[in-house]
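For reference, the chains in residue letters:
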Amino acid sequence: MSRLSVTQLSKKFGTRTAVKEISFELEEGGCTALLGPNGAGKTTTLRMLAGLLSPTSGSVLINGKETSEISWRNQIGYLPQHPSFYGWMTGKEYVVYAAGLSGMTGKQAVAEAELILERVGLSEASRRRISGYSGGMKQRLGLAQALVHHPRLLLLDEPVSALDPLGRREVMDLLQQLRQGTTILLSTHVLHDAEEVCDRIIMLRSGEIVEHGSLAELSAKYRQPLLTIQVESDPKGQAAAWLHSLQDRSFVRDFELRGDTALLTVSDMGIAREVILKEAGSRTMPLLRFEAGATSLEDMFMKVVGS
Amino acid sequence: MKITLLMYRKEILEMIRNYKLLWIPVVFVLLGVTQPLTSFYLPDLLQASGQLPAELVDSFPVPGPAEVMLKVLSQYSLIGILLIVIAGMNLVAGELSGGTAALVLVRPVKSTQFIIAKWAGYFSLVVVSFVLSYGSAWYYTSLLQGTVPWREALAAGGLYLIWFSFAVSLTMMCSTVLRGSAAAVVSLLVIGALSLAHGLVPSWLAWSPAHLLTTAAGHLAGPQAPANPAVPIAITLMLCILFIAASSWSLRRQGISD
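Residues numbered from 1 in each chain as written. Chains lettered and ligands numbered in written order. Predicted model: local features only at pLDDT ≥ 70, side-chain atom pairs only at ≥ 80, totals over all residues. Heavy atoms only, no water.

Peer 1: Would you mind showing me how to read the packing of helix α2 (residues 20–49) of chain B against helix α7 (residues 111–144) of chain B here?
Peer 2: To describe two helices that pack against each other, one gives the angle between their axes and the distance between the axes. All names here are of chain B. The geometry of α2 relative to α7 is characterised by a closest axis approach of 8 Å and an angle of 20° between their N-to-C directions. With respect to each other, α2 and α7 are oriented roughly parallel. For the element pair α2 and α7, the recorded crossing hand is right-handed. Here α2 contributes Lys 20, Leu 21, Ile 24, Pro 25, Phe 28, Val 29, Gly 32, Val 33, Pro 36, Leu 37 and Phe 40 to the contact with α7, which in turn contributes Tyr 122, Leu 125, Val 128, Ser 129, Phe 130, Leu 132, Ser 133, Ser 136, Ala 137, Tyr 140, Thr 141 and Leu 144. The class makeup of the residues in the contact of α2 with α7 is 17 nonpolar, 5 polar and 1 charged. (Axes fitted to C-alpha atoms, helices over the stretch in contact; angles between N-to-C directions. Helix = DSSP H or I, 4+ residues; strand = E, 2+ residues; numbered from the N terminus. Parallel < 35°, antiparallel > 145°, perpendicular 65-115°, else oblique. Left-handed = near helix turned anticlockwise from the far one by under 90°. Contact = heavy atoms within 4.5 Å. Nonpolar A, V, L, I, M, F, W, Y, C, P; charged D, E, K, R; others polar.)

Peer 1: Help me understand the packing of α7(B) against helix α11 (residues 230–253) of chain B, please; the structure alone is not making it clear to me.
Peer 2: Residue and element names in this part refer to chain B. For the pair α7 and α11, the least separation of the axes is 8 Å and the interaxial angle reads 130°. One finds that α7 runs oblique with respect to α11. Taken as a pair, α7 and α11 cross one another with a handedness that is right-handed. For the pair formed by α7 and α11, the contact residues are Ser 111, Thr 112, Phe 114, Ile 115, Ile 116 and Trp 119 on the first element and Ile 244, Ser 247, Ser 248, Leu 251 and Arg 252 on the second. For the contact of α7 with α11, the per-class residue count stands at 6 nonpolar, 4 polar and 1 charged.

Peer 1: Whenever I open this one, the pairing of strand β13 (residues 261–266) of chain A confuses me. Can you help?
Peer 2: A regular strand carries its side chains on alternate faces of the sheet. Residues and elements named next belong to chain A. For β13, a buried count of 6 out of 6 residues is recorded, marking the element as mostly surrounded by other parts of the structure. Of the two faces of β13, the one holding Thr 261, Leu 263 and Thr 265 and the one holding Ala 262, Leu 264 and Val 266 are both buried throughout. One ladder, built from 6 bridges, connects strand β12 (residues 252–258) with β13; its direction is antiparallel. Of the residues in β13, the one forming a bridge with Glu 256 is Leu 263. Between the antiparallel neighbours β12 and β13 lie 2 residues, among them Gly 259 with a positive phi of about 65°. (Buried < 20%, exposed > 50% of the residue type's maximum accessible area, 1.4 Å probe, protein only. Pairing = 2+ DSSP bridges.)

Peer 1: Please explain the interface of chain B and chain A as it appears in this structure.
Peer 2: How big an interface is tends to be stated in terms of the accessible area lost upon association of its parts. Taken together, the contact between chain B and chain A spans 27 residues of the former and 32 residues of the latter. Together, the buried faces of chain B and chain A total about 2600 Å²; carbon and sulfur atoms form 60% of this surface. Scanning the region where chain B abuts chain A turns up 1 salt bridge. Arg17(B) is the salt-bridge partner of Glu93(A), the closest N and O atoms lying 2.8 Å from each other. Along the contact surface separating chain B from chain A lie 13 residue pairs in polar contact (both at pLDDT 80 or more). Looking at the side of chain B that touches chain A, the elements with two or more residues in it are α1 (2–17), α5 (93–98) and α6 (100–105) of chain B. The biggest single contributor to the side of chain B that touches chain A is α1(B), with 8 residues. Split by residue class, the side of chain B that touches chain A holds 12 nonpolar, 6 polar and 9 charged. (Buried area = accessible area lost by both parts, 1.4 Å probe. Salt bridge = Lys/Arg side-chain N within 4 Å of Asp/Glu carboxyl O. Polar contact = N/O pair within 3.5 Å; in protein donor to acceptor, adjacent residues only side chain to side chain.)

Peer 1: Please clarify how the sheet that holds strand β3 (residues 31–35) of chain A should be interpreted in this entry.
Peer 2: To summarise the sheet geometry, strands pair through backbone hydrogen bonds and adopt either a parallel or an antiparallel arrangement. Residue and element names in this part refer to chain A. Taken in spatial order, the 6 strands of this open sheet run β6-β7-β8-β3-β9-β10, and their pairing is mixed. Edge strands, defined here as strands with exactly one partner in the open sheet, are β6 (76–79) and β10 (208–214). If you compare each strand with its neighbour and ignore which way they point, the axes differ by 15° on average. Set on the sheet, helix α4 (residues 135–147) makes contact with β6 and β7 (153–157); between it and β6 the angle comes to about 170°.

Peer 1: Honestly, the confidence of the model for chain A in this entry has me stumped. Any pointers?
Peer 2: Where the model shows low pLDDT, its predicted coordinates should not be examined in detail. Residues with a pLDDT of 70 or more make up 98% of chain A, whose mean pLDDT is 88. Per-element mean pLDDT across chain A ranges from 71 in strand β5 (residues 65–66) of chain A up to 96 in helix α2 (residues 91–101) of chain A. (pLDDT = per-residue confidence, 0-100.)

Peer 1: What am I meant to see in the confidence of the model for chain B here?
Peer 2: Per-residue confidence for chain B gives a mean pLDDT of 89, with 97% of residues at or over 70. Per-element mean pLDDT across chain B ranges from 68 in helix α3 (residues 54–58) of chain B up to 96 in α1(B).

Peer 1: Would you mind showing me how to read the pattern of salt bridges here?
Peer 2: One side chain can pair with another of opposite charge once the charged atoms of both are near each other. Residues and elements named next belong to chain B. With the rule as written, the count across this model stands at 19 salt bridges over all chains. A salt bridge links Lys 10 to Glu 14; its shortest N-O distance comes to 3.2 Å. With Lys 10 and Glu 14 both in helix α1 and 4 residues apart, this pair spans about one turn of that helix. Each member of the pair, Lys 10 as well as Glu 14, carries the same accessibility label: buried.

Peer 1: Please explain the side chain of Gln145(B) as it appears in this structure.
Peer 2: Residues and elements named next belong to chain B. Considering the arrangement of structural elements, one finds Gln 145 in the loop between α7 and α8 (150–177). In terms of polar contacts, Gln 145 uses its side chain to reach the backbone carbonyl oxygen of Pro 36, at 3.2 Å. Once you skip the residues sitting within four places of it in the chain, Gln 145 turns out to touch Pro 36, Ser 39, Phe 40, Pro 63, Gly 64, Pro 65, Val 68 and Tyr 140.

Spelled out as structure tokens, the structure:
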């Protein structure tokens, strides 16, 4: 049985439709990334799932039950993009408060709070008032309050955006550990992170789902052979001219020139490699880099979203 | 119930830590105590200023205890209400616009529990402030001007407390539906209009909450007890419940921002 099924969910704000009848299902366990450009409707969708916003139409069912019941809210952990806390409370007081509101008794709430604060790396700072926290600390606190009651479904809106590389690494590791028992839906712009920790992707654009599937499926569908050719900049401009000329070859599907580097999406890697290396050798082009690889998730994102 | 208590405790802790539980009672006490003090020392003050001739000062009427307490009550209905509404305008609106309400309402917390905890927290502040202030005023009046019979004083005070609960409920409802400053303006306008209308045509509005004020004054002033205020009390309490229910309904319907 699926953990979460969303059917024809839509949200209108006056005349503007932010989310246009989207439907998807999330299986238990595993991590799904909600990708999309700014204004695609990711945050609105997450807030509807969390129960903060009521949908204009459509339904959200968790294990078959309507989510308008209050009892299932304990199964959900939500982290907004810019979490706000009571500045006059200490971090620990807040997490204990959150645990209490989720139904835990006094001692249990304190114990669980200490555990989760340790896990997100805030045990030292938890004794200080939240008004003195940095942005990264607030985001970690947000993660702590989303996890303290051991939810089965985690809804995270840009969970790593405010963190430095070290913090990012810690949170990604934490998410990897959580994947076993928890269903995670996270929205992000950082496609590399989505690739790393998620196994399914849902892409939104202007309130509609434009692409969805597992990473493997999407790779097979969109990944294309990509040649990266970088030349030394020579005063006569011969190398640059040669790069330009590559554009019109028959095997080149897509061409992009960035300074001294050309990115060629080709239809046949074998032919392309042979032809280009031969030319480079015979014309003694000052090759700096020749890389035969594949288009990344980011390229797919740009293509699907930009079209 | 447990959750409501938890949120109520958080409200009290917040008022302690941001010193609201200190300065509002202090201002209320000052409001109450200045009346008996200035009434008592007014002749001396005037004499010290040397402006008025001695005979005029001597013939100055010395206010009796009931008169002083009436003045105290009128201060409450003016400055006291102003303070309550302005200090309470961000009761719910502050949490909604600040985004802190989101992380609370995403948990298994009913909007009604949230609203009741907020109301109880703020009304506790009002009760503490009023009791301290009214008690101090009564004490100083009994020292300086004479004792007002405590039964009457208690009746008048009780009626004013019910009036305050009306103001608190109204302010909270406006705070849930509107932004902070708009909530203050609307609340004050409604209370002002109610008081004004009652002042102009008391017979028509004998059932309204504003009638509580005149009844309270009547307890202190007249030798005989005024008419039974059961109807205005009942109406006021019903209105309070209505406002609380309306706040809860509005909160549930709103999109909570974070």
